[in-house]
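Examining the three-dimensional arrangement
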Amino acid sequence: MPVIGTRIDETGTLIRDGGAFYLRRDIGGRYELELHRTPVDLLEKRVRLVGTLVGTALVNAEGVAPA
């Protein structure tokens, strides 16, 4: 697992669980996302996530776009 402050650039599926959004990673596992906008049009689709790891499995997302 990367350390806090690590730059994240990964692909996976954007999912919603309760009130939170997650990236189900292509390589296994998932990240919870801190989002600046809500990408509801990308739910359940394959996306590319760019951001910074700010906690254990928590990413501050700078961008979520179709992969």
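Cut-offs applied
Residues numbered from 1 in each chain as written. Predicted model: local features only at pLDDT ≥ 70, side-chain atom pairs only at ≥ 80, totals over all residues. Heavy atoms only, no water. Helix = DSSP H or I, 4+ residues; strand = E, 2+ residues; numbered from the N terminus. Rg over C-alpha atoms; globule rule 2.2 N^0.38 Å. Buried < 20%, exposed > 50% of the residue type's maximum accessible area, 1.4 Å probe, protein only. Contact = heavy atoms within 4.5 Å. Areas by Shrake-Rupley, 256 points an atom, 1.4 Å probe, with all protein chains shown as cover. Lys, Arg positive; Asp, Glu negative; His and termini not counted. Charge placed at Lys NZ, Arg CZ, Asp CG, Glu CD. Salt bridge = Lys/Arg side-chain N within 4 Å of Asp/Glu carboxyl O.

1. Some remarks on the overall build of the chain
The secondary structure content of the chain amounts to 0 helices and 5 strands. Reading the chain from its N end, one meets helices and strands in the order β-β-β-β-β. A compact globule built from 67 residues would reach a C-alpha radius of gyration of about 11 Å, and the chain, at 11 Å, matches this within 12%. With respect to the principal axes defined by its C-alpha atoms, the chain has extents near 30 × 20 × 20 Å. Going through the 67 residues of the chain one by one, you find that 36% of them count as buried. Within the chain, contacts between residues separated by at least 24 positions form 47% of all contacts whose residues are at least 6 apart in sequence. When the accessible surface of the chain is split by element, carbon and sulfur atoms take 50% of a total near 3,900 Å². Charge-centre separation for the chain: the mean point of 9 positive side chains lies 3 Å from the mean point of 9 negative side chains.

2. Brief notes about the pattern of salt bridges
Applying the stated criterion across every chain, the model contains 5 salt bridges. Across the pair Arg25 and Glu10 runs a salt bridge, and its minimum N-O distance is 2.9 Å. Of this pair, Arg25 sits in strand β2 (residues 20–25) while Glu10 sits in strand β1 (residues 7–17), placing them 15 residues apart in sequence. The pair Arg25 / Glu10 is uniform in exposure class, with both members buried. Arg46 serves as the salt-bridge partner of Asp26, at 2.7 Å between the closest nitrogen and oxygen. Separated by 20 residues along the polypeptide, Asp26 in the loop between β2 and β3 (30–34) and Arg46 in strand β4 (residues 46–55) bring together distant segments of the chain. Residue classification places Asp26 among the partly exposed residues on the basis of a relative accessible area of 41%. A residue is classified by how much of its surface remains accessible, and Arg46, at 46% relative accessible area, is partly exposed.

Read these as spatial facts, not as claims about activity.
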